[in-house]
Amino acid sequence: MTMSSALPASQLYQPCDSEKLPFLTTADLADLGEMIGQMRAMDAVRFGAGIRHEGYNIFALGPSGLGKRTMVHQFLEKKASGEPGPDDWCYVNNFAQPHIPRALRLPSGRGTALRAQMDQLIDYLESAIPALFESDEYRDKIGAIQEEFSKQQEQALGELEKQAHEQETVLMRTPGGFAFAPTRFHEIMPPDEYDKLPEKERKQIEEKIAGLQEQLEKILRRLPQWHKERTEHIKQLNRDTILSAVEHAMNEVRMAFSDLPQVLSYLDVVQLDVIDHADDFRKQEEQVAPGIAVLTAHEDFRRYQVNVLVSNGRHGGAPIVSEDNPTYSNLVGRVEHMSQLGALVTDFTLIKPGALHRANGGYLLLDVRKVLMQPFAWEGLKRALKSREIHIESLGQAYSLISTVSLEPEPIPLNAKIVLFGDRMFYYLLQEYDPEFGELFKVAADFEERIERNADTHLLYARMVATLVRQESLLPFDRGAVARVIEHGARRIGDGERLSTHMGSVKDLLREADYWAREEGRNVVKAVDVQRSIDTQIRRQDRLRDRLHEEILRNTLMISTDGAVTGQVNGLSVLELGGFAFAQPTRITATARLGEGELLNIEREVKLSGAIHSKGVLILSSFLASRYAKNQPMALSASLVFEQSYGMVDGDSASMAELCALLSRLADVPIRQSLAMTGSVNQLGQAQAIGAVNEKIEDFFDICKARGLNGEHGVLIPAANVKHLMLRHDVVDAVESDSFHVYAYDDVDQAISLLTGVEAGVAQDGRYPDGSINARVAIQIAEFAELMKAFSKREGSRSKDGKDVG
């Protein structure tokens with residue numbers, strides 16, 4: 001086995017050669033029509049937007065900042081512009097059941113026309129109907145009806161009076177009603193004179209009066225019927241009078257909507273109601289108090305208004321709606337109330353649309369996290385999608401929380417494409433725990449965070465930068481600045497062979513570089529401005545990292561960068577706070593003694609070890625047993641600990657360092673403290689790639705540089721991580737000058753050899769070379785096994801002797 005050599009500076013950073021970029025500034029480049037690297041996702045969006053079957057709504061998944069919403073919105077704008085505009089939806093009064101307002105569907109733009117015509121109609125009738133009833137013609141007709149009734153009444157009473165006269169009796173009209181009295185010589189007979197008449201004559205007079213009284217009662221019983229007939233005649237006159245005005249006005253509206261049977265049916269009902277409530281138009285001028293008159297008139301005529309819920313006449317194409325506050329009522333609509341005389345009342349004019357109404361016939365864009373955070377919003381959205389109808393129902397009414405009068409508007413058919421945006425976690429959690437989710441959102445548009453890096457993508461990335469520069473009205477970037485942006489895109493994703501597609505961070509970098517260029521009075525942004533932006537972004541967030549480094553340099557946190565110590569290695573852990581990741585060197589120590597094969601992970605024992613870290617420790621324990629104790633017991637007890645660690649430890653990126661510390665302890669060979677290492681190990685002792693390799697190298701470099709580089713300092717990384725290297729220029733310069741080193745290793749043997757300077761040794765015929773690390777470890781474990789065997793034998797003998805004595 002050969003010891004791994006340090007990596008050359010050329011492998012530590014993959015630059016973008018600005019001379020190979022075929023432009024001088026971004027002003028020379030054309031806009032990019034579609035964001036790069038998102039073909040899979042945009043194909044899914046294209047498919048989801050095009051298919052018109054139930055359940056094919058779209059979930060755009062990926063981290064925030066990728067530009068998902070922007071890309072989808074731009075695509076939908078192009079698609080929607082060529083699609084027909086959706087119909088208008090209106091709510092009108094249901095005269096038969098006012099608590100269930102009717103929904104009217106009209107072609108795009110004609111809802112507002114209907115509302116305007118109905119408003120004009122009512123305004124006209126408010127003045128026309130009272131005028132009709134004030135006309136001479138109407139008064140003459142009313143007079144004729146009254147005269148006819150009076151004539152009929154007088155004729156009946158006149159005949160009775162004539163008959164009474166013939167029988168020497170008179171019909172008197174008094175304030176208390178009608179009465180009959182006897183006469184003599186055409187004069188009313190005084191009572192005293194009547195009393196002097198013979199009894200026979202008085203009896204004859206009483207019989208005559210009784211007969212006349214009976215006839216009078218018959219006439220009086222007919223009077224209510226005559227009154228009713230008169231009232232019916234007047235009502236018919238009023239209906240005929242109003243009909244002449246209303247029908248003429250209504251016909252104008254009917255002509256405008258003659259192609260819409262549903263509207264014509266509604267207008268017929270309106271006409272009947274106006275005629276039936278003609279007095280409402282007449283009485284509005286009879287109110288005494290002006291405020292009450294206005295209120296009464298307003299309330300009376302609200303029932304003829306048209307509540308245009310959604311109108312799409314102003315904008316061509318299908319609507320695209322983004323709802324930033326997707327509460328339940330903002331999604332499905334609501335019924336508002338108003339206070340009237342101390343009570344809350346409502347009617348169909350107070351129905352307000354939701355985002356589903358506005359997006360009906362088009363596209364609705366929602367943030368899934370915001371929807372899930374709002375009570376009942378997710379369930380309301382699913383209910384609408386499953387039923388393909390929008391039911392407006394207040395939560396208070398649905399759960400019997402309020403007792404105010406409310407409405408039950410007719411549901412409106414739903415034909416909208418829903419696009420949800422969210423992290424992958426939300427998508428997979430909903431797929432797992434919501435059985436209805438997969439039926440309603442069948443199209444997953446998975447957006448990439450990275451793209452392959454090559455000459456072609458360099459140019460596409462440059463065009464993307466040019467597009468963003470123009471969109472943000474920034475200064476043009478020269479090709480050196482663009483090259484630095486491309487390099488930073490690789491560093492941000494932590495891979496020298498890939499580029500980040502996180503548009504949010506790219507935009508921020510471009511804006512800040514533009515700011516620094518303007519501060520320097522330049523008309524073109526240069527690479528130095530981009531670099532300054534990167535440096536200031538880090539500077540704004542690295543306070544905690546500086547404090548940790550400060551404590552290391554003051555030896556409060558014990559990290560050695562020179563000398564050699566047995567069973568002690570510098571590990572590298574990563575912290576990420578607020579989107580800023582940095583590494584922290586950590587001292588890892590190991591102890592070993594005679595035991596029963598126990599490998600003690602102190603972090604796990606005190607419940608400060610995460611599951612992945614514990615798994616890594618168990619793996620290295622398995623490696624030790626399989627390599628050094630195949631044919632003998634593992635008579636070893638060892639312990640591993642992260643020194644001065646006071647929080648949770650997770651991840652397996654330190655498992656190789658833990659293994660090397662333990663091998664150093666068992667072999668009794670010191671580890672160079674000028675080196676730090678990172679890497680994961682498997683059961684075969686092979687090195688596995690880890691994350692944040694650049695941050696780990698740079699932060700250990702900063703500690704070493706602060707103490708003074710001496711050419712011995714360096715970091716060991718898995719060979720699989722070499723392609724991920726995009727180190728800072730000062731680190732690359734230090735490597736080039738041989739004052740700092742980066743080593744790549746493939747397995748534990750290479751790693752321990754680099755750390756100790758002693759060959760690990762390769763077994764030949766089952767034996768390791770004398771003096772090698774593996775030989776020393778094997779001898780130590782064999783000695784432990786012999787000691788354990790002897791100890792067990794002695795203990796067994798003592799136990800046997802004790803039994804004999806007993």
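Each remark here, short or long, concerns the structure printed above.
This one's a predicted model, so the numbers in the text were calculated from it and none came from an experiment.

Caption draft 1: Representation of the overall build of the protein within the structure. When helices and strands are counted, the protein shows 28 helices and 30 strands. Burial statistics for the protein: of 806 residues in total, 47% are counted as buried.

Caption draft 2: Up close: the pairing of strand β30 (residues 741-745). Of all the 5 residues making up β30, 5 are buried; the element is thus mostly covered by neighbouring parts of the structure. Residues of β30 alternate between two faces, with His741, Tyr743 and Tyr745 on one and Val742 and Ala744 on the opposite face, all of them buried. Across 5 bridges, strand β29 (residues 714-718) lies against β30 in parallel orientation. Along β30, the bridge assignment pairs Gly714 with His741.

Caption draft 3: Structural context of the pattern of salt bridges. Tallied over the full model, the rule gives 40 salt bridges. For the salt bridge of Arg46 with Asp43, the shortest nitrogen-to-oxygen distance reads 2.8 Å. Here Asp43 and Arg46 lie together in helix α1 (residues 39-50), a separation of 3 residues that amounts to about one turn. A network of salt bridges, in which partner residues are shared, links Arg491, Glu695, Glu698, Asp702, Arg728 and Asp730.

Caption draft 4: Quick look at unusual backbone geometry. Positive phi, close to 55°, is recorded for Gln644, a residue that is not glycine. Note on placement: Gln644 falls in the loop between β24 (636-642) and α24 (655-667). Here Ala692, not a glycine, exhibits a phi torsion of approximately 55°, which is positive. For Ala692, the location among the structural elements is in the loop between β28 (687-688) and α25 (693-707). With relative accessibility at 29%, the residue Ala692 sits in the partly exposed group.

Caption draft 5: Examining a nonpolar patch on the surface more closely. A cluster of nonpolar side chains, Met425, Leu429 and Tyr433, forms an exposed patch at the surface whose accessible area comes to about 370 Å². By the secondary structure assignment, Met425 is in helix α15 (residues 424-433).

Caption draft 6: Representation of the sheet that holds strand β1 (residues 58-61) in the model. With parallel pairing, the 5 strands of this open sheet are ordered in space as β8-β13-β16-β1-β17. Since the sheet does not close on itself, it has two edges, and those belong to β8 (320-322) and β17 (443-446), each with one partner. Adjacent strand axes in the sheet meet at a mean angle of 20°, parallel and antiparallel pairs treated alike. The strands touched by α1 within the sheet are β1, β13 (363-367), β16 (417-422) and β17, with β17 carrying the most contacts at an inclination of about 155°.

Caption draft 7: Local environment of helix α2 (residues 68-81). Helix length check: α2, at 14 residues, gives a terminal C-alpha distance of 20 Å against a target of 20 Å (1.5 Å per residue), a fit within 8%. Looking at α2, one finds that the buried residues are Lys68, Met71, Val72, Phe75, Leu76 and Ala80. For α2, the buried positions fall inside an angular range of 155° around the axis, keeping them on one side. α2 presents Lys78 and Ser81 as exposed residues on the side facing more than 90 degrees away from its buried surface.

Caption draft 8: Representation of the packing of aromatic side chains in the model. Scanning the model with the defined rule gives 12 aromatic pairs in all. Relative to Tyr56, the ring of Phe47 lies with its centre 6.0 Å away and its plane at 85°, an arrangement referred to as edge-to-face. Each ring, one from Trp378 and one from Phe437, has its centre 6.3 Å from the other, and the planes form 35°; the classification is tilted. Placement of Trp378 in helix α13 (residues 377-387) and of Phe437 in helix α16 (residues 437-440) is noted, with a sequence separation of 59 residues between them. Since its relative accessible area comes to 8%, Trp378 is described here as buried. For Phe437, a relative accessible area of 0% gives the class buried. Pairwise contacts between aromatic rings join Phe59, Trp378, Tyr427, Tyr428, Phe437 and Phe441 into one cluster.

Caption draft 9: Local environment of the sheet that holds strand β23 (residues 598-601). As summarised here, the arrangement of the 7 strands in space is β23-β24-β22-β21-β26-β29-β30, forming an open sheet in which the pairing is mixed. Single-partner strands in this sheet number two, and they are β23 and β30. For this sheet, the mean inter-axis angle between neighbouring strands, taken without regard to orientation, is 30°. Looking at chain direction, strand β21 (residues 568-577) and strand β22 (residues 580-594) are connected through 10 bridges and run antiparallel. In the strand pairing of β22, Leu577 is matched with Phe580. Docked against the sheet, α24 engages β21, β22, β23, β24, β26 (675-677) and β30, running at close to 30° with respect to β22. Most of the contacts of helix α27 (residues 748-756) go to β30, to which it runs at about 150°, and overall it touches β21, β26, β29 and β30.

Caption draft 10: Expanded view of the environment of Ala416. Along the chain, the position of Ala416 falls in the loop between β15 (412-413) and β16. Of the residues examined, Ala416 reaches a relative accessible area of 14% and is grouped as buried. For the pair Ala416 and Asn360, spaced 56 residues apart in sequence, the C-alpha separation works out to 4.9 Å. For Ala416, the contacting residues outside a window of four places in its chain are Asn57, Ala359, Asn360, Gly361 and Gly362.

Caption draft 11: Spatial organisation of the packing of α24 against α27. The geometry of α24 relative to α27 is characterised by a closest axis approach of 10 Å and an angle of 60° between their N-to-C directions. One finds that α24 runs oblique with respect to α27. In the crossing of α24 with α27, the sense of the turn from one axis to the other is right-handed. Touching Met656, Leu659, Cys660, Leu663 and Ser664 of α24 are Val748, Ala751, Ile752 and Leu755, all from α27. Residue classes in the contact of α24 with α27 are distributed as 8 nonpolar, 1 polar and no charged.

Caption draft 12: Expanded view of the side chain of Lys382. Summarising the element assignment, Lys382 is placed in helix α13. A polar atom in the side chain of Lys382 sits 2.9 Å from the side chain of Asp434. Leaving out residues up to four positions away in the same chain, Lys382 has contacts with Asp434, Glu436 and Leu440.

Caption draft 13: Highlighting the nonpolar core. Counting 80 residues, the largest nonpolar core has Tyr461, Ile697 and Phe740 as the members making the most contacts within it. For this core, the leading source of residues is helix α17 (residues 455-471), giving 7 residues. Once residues within four sequence positions are removed from consideration, Ile697 is found in contact with Val715, Ile717, Leu725, Leu727, Val731, Phe740 and Val742. Core analysis: the next-biggest nonpolar cluster, separate from the first, contains 47 residues, Tyr743, Tyr745, Ile752 and Leu754 among them.

About the thresholds
- Residues numbered from 1 in each chain as written.
- Predicted model: local features only at pLDDT ≥ 70, side-chain atom pairs only at ≥ 80, totals over all residues.
- Heavy atoms only, no water.
- Helix = DSSP H or I, 4+ residues; strand = E, 2+ residues; numbered from the N terminus.
- Buried < 20%, exposed > 50% of the residue type's maximum accessible area, 1.4 Å probe, protein only.
- Pairing = 2+ DSSP bridges.
- Salt bridge = Lys/Arg side-chain N within 4 Å of Asp/Glu carboxyl O.
- Patch = residues over 30% accessible without salt bridge, like charges linked within 9 Å, V, L, I, M, F, W, Y side chains within 5 Å.
- Areas by Shrake-Rupley, 256 points an atom, 1.4 Å probe, with all protein chains shown as cover.
- Axes fitted to C-alpha atoms, helices over the stretch in contact; angles between N-to-C directions.
- Contact = heavy atoms within 4.5 Å.
- Expected span 1.5 Å × (residues − 1).
- Arc of directions from axis to C-beta.
- Phe/Tyr/Trp six-rings, centres within 6.5 Å; stacked < 30°, edge-to-face > 60°.
- Parallel < 35°, antiparallel > 145°, perpendicular 65-115°, else oblique.
- Left-handed = near helix turned anticlockwise from the far one by under 90°.
- Nonpolar A, V, L, I, M, F, W, Y, C, P; charged D, E, K, R; others polar.
- Polar contact = N/O pair within 3.5 Å; in protein donor to acceptor, adjacent residues only side chain to side chain.
- Core = buried A, V, L, I, M, F, W, Y, C linked by side-chain atoms within 4.5 Å.

These values are about where atoms sit, not about what they do.
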